[in-house]
Number of protein chains: 2
Amino acid sequence: MKACPVPANGNERITMAHGGGGAATHKLLEDVFYPAFSNPLLDVQHDGAMLEIPSDRLAFTTDAHVITPLIFPGGDIGRLAVFGTANDVAMCGAEPRWLSVSFVLEEGLPVGVLRQIVDSVADAAREAGILIACGDTKVVEHGKADGMYISCSAIGVRRKGFEIAPQSILPGDDILVSGDIGRHGMAVLAAREEIALEGLSSDLGLLWPRVHALLDAGLAVHCLRDLTRGGLAAALVEVAGTGGLGMRIREDSVPVSPAVGSAAEILGLDPMSLACEGRMMVVVDSGDFDKALNILHQSDPAASKIGNVTRHPDVVLENPYGTERLMTLPMGELLPRIC
Amino acid sequence: MKACPVPANGNERITMAHGGGGAATHKLLEDVFYPAFSNPLLDVQHDGAMLEIPSDRLAFTTDAHVITPLIFPGGDIGRLAVFGTANDVAMCGAEPRWLSVSFVLEEGLPVGVLRQIVDSVADAAREAGILIACGDTKVVEHGKADGMYISCSAIGVRRKGFEIAPQSILPGDDILVSGDIGRHGMAVLAAREEIALEGLSSDLGLLWPRVHALLDAGLAVHCLRDLTRGGLAAALVEVAGTGGLGMRIREDSVPVSPAVGSAAEILGLDPMSLACEGRMMVVVDSGDFDKALNILHQSDPAASKIGNVTRHPDVVLENPYGTERLMTLPMGELLPRIC
């Protein structure tokens, strides 16, 4: 092929031709995507993946990722896209197994940056034990996409015997969080504003191994929710609202690292509303609370019981001085584009 | 709720707060998305959909849609996203059943336009018999994203007894197209450049009903490929290349409407490289060619046999005067952002 749209030197950039479906698109697929993602499903190069799934109980989720900057302390948009989507599957009590990855690339993006993110997607998928089953790439004009956006969907296989959903929570259930909250939102904010916050990196991580351990132990897990946009506050209010019940949370039992706590105080942010990307809320029958907390502690000593499900349909936050406030969904903009 | 981020008047616009995961995001979901998409899977409002799938043979596909303009003669980005993704599933010989829909919205987008597209997604999904299982919405700053991008993934149930893939084509197989080519690309180009082309609208349509009929008739269908980016030219070269064989195509048997043909001539475009969104190539055992063509004719009288699979690994285009040229992947930019 004479015209080589992706030359071997390090200065190549994405052009509109890479999105046209012709020779340049194929060269990009062959040079960047197939080597990183190669597996028997993708190697067929058909319009979709042919799956053999030995279960009729599946979970199906989707997530668009528009984070800026593309690379942040503790991760990048590729790792975030894989783990974020896999975590949504895990929140259904399902093992993440197959992933679709769809890129919208900005004209002018250095191909070197694309390679780095594509490699990160591939590494994250291997780490998660999830197979990249299908993908797509589109290109938009310079100025239209901040480098790239990545949308993923995932299919997982659900465990038998569990109905994990907001509708399954019951009055008296215990509410746990799997670790300290708000590190992802704070790390992205610090990277974006070029604030130096020593030792602060995103909590980006996989939740399935912990969910797997909880389910394997046969614990009565009623609901799981990862603490992404809107943070713990949004997760509590959403799950309580959908479940038609309330919650009572003790503020001093919510784990917040000193770095996040002091930065949040200086910046006037509420850690309860800061996004995490590797933390979940676990609602479990109170009879299984200690076993659940033991399992969570094996991965993160900061895991903690933070409160209970109540009949009264409000989410109430108790502070250590005994005063109470009603939790509502965060208003306004919060931190834009943290996932 | 006092602060109403989506007021009832017709001038409301998307704000960054709609992407924050807080109250504004929830209001947008409740006002725009849930009413349009409501179904038992989505109404659970969990992180993902819980599917019961009575088959272990699935197809899984993904497609990002960045078309400009959002609304074009014969369709819009919503209908395109549903049909385009469903068509990829159909090309695996599978019935499209479940869809994920992920929106990247531009700050400032009129909520009225979003409603129109969301309703179009809902209508298209009903028409396709496909269930919207899960979704996501992100917001990026004004000037990014041209109104909106939509990424979809779909899950379909594959028919038993068929191995439809480029690797299944055989020398001597017949190659059919399901209708006249190039209308989608030309209609979008005309809309974008404000060229008046009378009677020209996109060929956007669902391919599964025709695939279903071909499979139900028990025909030896070896490969299917929808003619999207890169048009018929890219589809032929890709399938031949992946299948390790060649093709011989008679140029005068390729159906092109007079409107597309004359516009292409004036604009110096090759109809063979123009995108379609409701046309497919069918590679079928030559013994079943007449039955396959009869079935395709029931939907579109322009369906036609255009050539054969050959042993020699080149795609050769014969013109009516007996001269031949080698088909290759379209080079350069073609028409950017037609899907």
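Provided above is the structure to which this section pertains.
A brief report on the enclosed structure follows. (Residues numbered from 1 in each chain as written. Chains lettered and ligands numbered in written order. Predicted model: local features only at pLDDT ≥ 70, side-chain atom pairs only at ≥ 80, totals over all residues. Heavy atoms only, no water.)

Focus: a nonpolar patch on the surface
All names here are of chain A.
Phase 1: Side chains of I195, I266 and L267 sit close together on the surface and give an oily, nonpolar patch of about 290 Å² of accessible area.
Phase 2: Secondary-structure assignment places I266 in helix 8 (residues 258-267).
Phase 3: Judged by its relative accessible area of 73%, I266 is exposed. (Patch = residues over 30% accessible without salt bridge, like charges linked within 9 Å, V, L, I, M, F, W, Y side chains within 5 Å. Areas by Shrake-Rupley, 256 points an atom, 1.4 Å probe, with all protein chains shown as cover. Salt bridge = Lys/Arg side-chain N within 4 Å of Asp/Glu carboxyl O. Helix = DSSP H or I, 4+ residues; strand = E, 2+ residues; numbered from the N terminus. Buried < 20%, exposed > 50% of the residue type's maximum accessible area, 1.4 Å probe, protein only.)

A closer look at the environment of A:L80
All names here are of chain A.
Phase 1: Looking at where L80 falls in the secondary structure, it is placed in helix 3 (residues 77-90).
Phase 2: On the accessibility criterion, L80 (0% relative accessible area) is buried.
Phase 3: Spatially, the C-alpha atom of L80 lies 9.5 Å from that of I150, the residues being 70 residues apart in sequence.
Phase 4: Ignoring any residue separated from it by four or fewer positions in sequence, one finds L80 in contact with H65, I67, F72, T85, H184, L204, E277, I338 and C339. (Contact = heavy atoms within 4.5 Å.)

Some thoughts on helix 9 (residues 289-299) of chain A
All names here are of chain A.
Phase 1: Taken residue by residue, helix 9 has A292, L293, I295 and L296 as its buried positions. The buried residues of helix 9 occupy one face: seen down the axis, they fall within an arc of 160°. Across helix 9 from its buried face, at more than 90 degrees, point the exposed residues N294 and Q298.
Phase 2: Where helix 9 is buried, its residues contact strand 8 (174-177), helix 6 (208-216), strand 11 (280-284) and strand 12 (304-310). (Arc of directions from axis to C-beta.)

Comments concerning the relation of the copies chain A and chain B
Phase 1: Of the two same-sequence chains, chain A is brought onto chain B (RMSD 0.1 Å, axial shift 0.0 Å) by a rotation of 180°. Given the turn and translation reported, the copies of this chain are related as if by a two-fold rotation axis. By C-alpha distance to the rotation axis, the residue of chain A lying nearest is A:K144, at 2.1 Å.
Phase 2: Looking at chain A, 100% of its interface residues are interface residues in chain B too, so the copies touch through the same face. (Least-squares fit on C-alpha atoms with pLDDT ≥ 70 in both.)

A short note on the pairing of strand 10 (residues 246-250) of chain A
Residue and element names in this part refer to chain A.
Phase 1: Pairing of strand 10 with strand 12 involves four bridges; the strand directions are antiparallel. What sits directly across from I249, in strand 12, is G307.
Phase 2: Both strand 10 and strand 13 (residues 315-318) contribute to a ladder of four bridges, which runs parallel. Looking at strand 13, one finds that R248 is bridged to V316. (Pairing = 2+ DSSP bridges.)

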